[in-house]
Amino acid sequence: MFPWNIFPFNKDMKNKLQHMKPDEIDQFIKGILGNVMPSQSGETMNSQDIVNHYRPQPTQQANTLNSTAFETHDSVFVRIPIKDESLLKEMRIYHTANQLMVENIPEKDHKHSITLPAMVKKKGSSAKYKDGILEIKLIKSYDIQYSQIDVTEI
């Protein structure tokens, strides 16, 4: 259960915040966060710890694949060096509009995600293995749908 009762939000809060200096606002917010998010050791977390906690951490597996991704006028290519051809039978390849996922390489239950340099279509992809290189060809998508977002004044 979140401790909502420790927030001092009331009708006078807007007036108080408008007349505070930036240093006072910073101290006020740090005080609130310190009360709401104590760390495991009983100390309060600083804002940098919170940011670092939610930053994606690099995995050891991402570096072991050694893949390259590049685009041409019509396609996106991903090349993955694979020394043992028998690994191709267990390997699974999936993709979204902007990512390629490779599973079971170099060992079972290993998962790798490769960000593609351009958006690709759902259909029309192919993969070929030759001379120790797996080459995956994906068709570029030019149908980028834009949606306008209206900004209203609060």
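See the structure shown above.
Residues numbered from 1 in each chain as written. Predicted model: local features only at pLDDT ≥ 70, side-chain atom pairs only at ≥ 80, totals over all residues. Heavy atoms only, no water.

Undergrad: Explanation requested: the overall build of the protein chain in the structure shown.
TA: The helix and strand inventory of the protein chain stands at 4 helices and 7 strands. Going from N to C terminus, the protein chain has its helices and strands arranged as α-α-α-α-β-β-β-β-β-β-β. The buried share of the protein chain, reckoned over its 154 residues, is 18%. Taking as baseline every contact in the protein chain between residues at least 6 positions apart, the subset at least 24 positions apart corresponds to 44%. (Helix = DSSP H or I, 4+ residues; strand = E, 2+ residues; numbered from the N terminus. Buried < 20%, exposed > 50% of the residue type's maximum accessible area, 1.4 Å probe, protein only. Contact = heavy atoms within 4.5 Å.)

Undergrad: Which parts of the structure should I look at to understand the environment of D84?
TA: Within the secondary structure layout, D84 lies in the loop between β2 (75–81) and β3 (92–95). You can call D84 partly exposed: its relative accessible area is 39%. Separated by 22 residues in the primary sequence, D84 and P106 have C-alpha atoms spaced 9.2 Å apart. Of the polar contacts made by the side chain of D84, one reaches the side chain of S86; its length is 2.9 Å. (Polar contact = N/O pair within 3.5 Å; in protein donor to acceptor, adjacent residues only side chain to side chain.)

Undergrad: How should I be thinking about the pairing of β2 in this particular structure?
TA: Each regular strand shows side chains that alternate between the opposite faces of the sheet. In terms of residue burial, β2 counts as a mostly covered element, since 5 of its 7 residues are buried. Bridge analysis of strand β1 (residues 68–71) against β2 gives 4 bridges, and the strand direction is antiparallel. Looking at β2, one finds that T68 is bridged to R79. In this structure, the hairpin formed by β1 and β2 is closed by a connection of 3 residues. Sheet topology places β2 next to strand β7 (residues 133–139); 7 bridges connect them, and they run antiparallel. Across the sheet, the residue bridging to I80 is L134, located in β7. (Pairing = 2+ DSSP bridges.)

Undergrad: Would you mind going over the pattern of salt bridges with me for this structure?
TA: Close approach of charged atoms allows side chains with opposite charge to pair. Under the defined criterion, the tally for this structure stands at 2 salt bridges. Taking the shortest distance from any N to any O, the salt bridge between K140 and E71 comes out at 2.6 Å. Here K140 is found in the segment after β7, whereas its partner E71 is found in strand β1, with 69 residues between them in sequence. Under the relative-accessibility criterion, K140 is labelled buried at 12%. For R79, the salt bridge identified is with E135, shortest N-O distance 2.6 Å. Here R79 is found in strand β2, whereas its partner E135 is found in strand β7, with 56 residues between them in sequence. Judged by relative accessible area, which is 36%, R79 ranks as partly exposed. (Salt bridge = Lys/Arg side-chain N within 4 Å of Asp/Glu carboxyl O.)

Undergrad: Hey, could you run me through the sheet that holds strand β5 (residues 111–115) in this one?
TA: The strands making up a sheet associate through hydrogen bonds between their backbones, and the pairing can be parallel or antiparallel. Here we have 3 strands laid out as an open sheet, ordered β3-β4-β5, and antiparallel in their pairing. A single partner strand is all that each edge strand has here, and the edge strands are β3 and β5. With strand direction ignored, the average angle separating the axes of adjacent strands in the sheet is 20°. As judged from the 5 bridges shared by strand β4 (residues 99–103) and β5, these two strands associate in the antiparallel manner. Directly across from L100, in β5, lies its bridge partner I114. (Axes fitted to C-alpha atoms, helices over the stretch in contact; angles between N-to-C directions.)

Undergrad: What should I look at first to understand the sheet that holds β7 in this one?
TA: A sheet is described by the order of its strands in space; here 4 strands give the open sequence β1-β2-β7-β6, paired in antiparallel fashion. Each having just a single partner strand, β1 and β6 (126–130) make up the two edges of the open sheet. Strand-to-strand twist across the sheet, computed as the mean angle between neighbouring axes with direction ignored, equals 20°.

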